[in-house]
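Fold and geometry: a report
One-letter residues, chain by chain:
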Amino acid sequence: MNRRQVVAAVGGLALTGGAGYVAFNGLGGSGDAVTVDTIDTRGSTAGRQRVPVPGRPTLVDLFATWCVPCEAQMRSLVPVYESFGDRVAFVSVTNERVGGGLTLDDIRQWWVDHDGRWTVGHDPESRLMSELGAGSLPFLALADGSGEVVWTHRGVASESQLREQLSTVV
C-alpha cells in the first residue's frame with residue numbers, strides 16, 4: 001500500500017465514524033477509562049463516573065450547551081434511551097468551562113430543556129474528548145461491556161443509526 005492509499009484509508013475511517021473494534025483510546029489516547037464529575041440534575045446525581053461504565057455497554061455523548069447540532073442529537077437520544085436505558089449506560093459529557101457567563105445551573109437548565117434523563121458529566125479539561133479522539137461536537141462513542149469502543153460517530157446520528165448500533169452490544 002502506498003502513502004496515498006494509507007492517507008485515503010485513514011481519511012475514510014474518520015468519515016465513516018471509525019467503525020471497528022479499538023481500545024478505549026480513540027485516535028491515540030492512552031486506553032484508560034476517564035473519570036468525570038457528574039452534575040446533579042434530572043436523571044443524574046452529583047459525584048464521579050468512570051467512562052465507559054465498568055462492566056456495562058456505554059453510549060458516550062459529547063455535547064455543549066452552545067452547540068445547535070447537539071440539540072438535534074438529544075432529540076434522537078431521548079427515545080433511544082427509553083428503549084435501551086435499562087441495558088446500556090448513557091453518559092453525556094460537556095467540556096465547557098464554568099465561569100465567564102456559564103454556570104452549572106445553565107448546564108442543568110439546558111439538560112432539562114432538552115429532556116435529558118441520564119448521567120450528565122462535566123470534563124472541562126477535555127480528557128474524554130482527547131481519549132476518544134473527538135475533534136468536533138456532537139460526538140458519540142459506543143463501548144461494549146469490556147470497554148472496547150465498537151462505534152464512533154461525528155455529527156448528529158439518527159435514531160435508527162443509534163438503535164442499530166446499540167443492538168450490537170446488548
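It should be noted that the structure appears before, not after, this text.
Below is a summary of the structure that appears in this document. (Residues numbered from 1 in each chain as written. Predicted model: local features only at pLDDT ≥ 70, side-chain atom pairs only at ≥ 80, totals over all residues. Heavy atoms only, no water.)

Thoughts on helix 5 (residues 159-166)
Every buried residue of helix 5 is listed here: Leu-162, Gln-165 and Leu-166. Take helix 5 and look down its axis: the buried residues cluster within an arc of 95°, on one side only. Opposite the buried face of helix 5, by more than 90 degrees, sit the exposed residues Ser-160 and Glu-164. Looking at the buried positions of helix 5, the neighbouring elements they touch are strand 3 (58-63), helix 2 (68-84), strand 4 (89-94), strand 6 (139-143) and strand 7 (149-154). (Buried < 20%, exposed > 50% of the residue type's maximum accessible area, 1.4 Å probe, protein only. Helix = DSSP H or I, 4+ residues; strand = E, 2+ residues; numbered from the N terminus. Arc of directions from axis to C-beta. Contact = heavy atoms within 4.5 Å.)

Points about the side chain of Thr-41
Mapped onto the fold, Thr-41 is located in the loop between strand 1 (34-38) and strand 2 (47-51). For Thr-41, a relative accessible area of 13% translates into the label buried. Excluding anything up to four places from it in sequence, Thr-41 contacts Arg-108, Trp-111, Val-112 and Val-120.

A few points about the state of the cysteines
Inspection of the entire model under this criterion finds one disulfide. The partner cysteine of Cys-67 in its disulfide is Cys-70, sulfur to sulfur 2.4 Å. On the S-S bond that ties Cys-67 to Cys-70, the torsion sits near 80°, and the link is right-handed. The class of Cys-67 is buried, set by a relative accessible area of 2%. We classify Cys-70 as buried; its relative accessible area is 2%. (Disulfide = S-S within 2.5 Å.)

As for the nonpolar core
One finds Leu-59, Leu-62 and Phe-90 to be the most contacted residues of the largest nonpolar core, which totals 44 residues. In terms of residue count, helix 2 provides more of this core than any other element does, six residues in total. Beyond its immediate chain neighbours, meaning those up to four positions away, Leu-62 contacts Cys-70, Val-93, Leu-128, Met-129, Leu-132, Ala-134, Leu-137, Pro-138 and Phe-139. (Core = buried A, V, L, I, M, F, W, Y, C linked by side-chain atoms within 4.5 Å.)

Observations concerning the pattern of salt bridges
Inspection of every chain in the model, using the stated rule, returns nine salt bridges. Across the pair Asp-37 and Arg-48 runs a salt bridge whose closest N-O atoms are separated by 2.6 Å. With Asp-37 in strand 1 and Arg-48 in strand 2, the pair connects residues that are 11 residues apart, well separated along the chain. Residue class for Asp-37 comes out partly exposed when judged on its relative accessible area of 37%. Measuring nitrogen to oxygen at the nearest pair gives 3.4 Å for the salt bridge that ties Asp-115 to Arg-42. On the criterion of sequence distance, the pair formed by Asp-115 in the loop between helix 3 (104-113) and strand 5 (119-122) and Arg-42 in the loop between strand 1 and strand 2 is long-range, its members being 73 residues apart. On the basis of relative accessible area, Asp-115 is assigned to the partly exposed category, the value being 28%. (Salt bridge = Lys/Arg side-chain N within 4 Å of Asp/Glu carboxyl O.)

Some details on the packing of aromatic side chains
Each aromatic ring pair is summarised here by two numbers: the centre-to-centre distance and the angle between the ring planes. Counted by the stated rule, this structure contains six aromatic pairs. Centroid distance Tyr-81 to Phe-90: 5.1 Å. Interplanar angle 80°. Geometry classified as edge-to-face. Judged by its relative accessible area of 22%, Tyr-81 is partly exposed. Taking relative accessible area as the criterion, Phe-90 reaches 5% and is therefore assigned buried. These aromatic residues form a ring-pair network of at least three members: Phe-63, Tyr-81, Phe-90, Trp-110, Trp-111 and Trp-118. (Phe/Tyr/Trp six-rings, centres within 6.5 Å; stacked < 30°, edge-to-face > 60°.)

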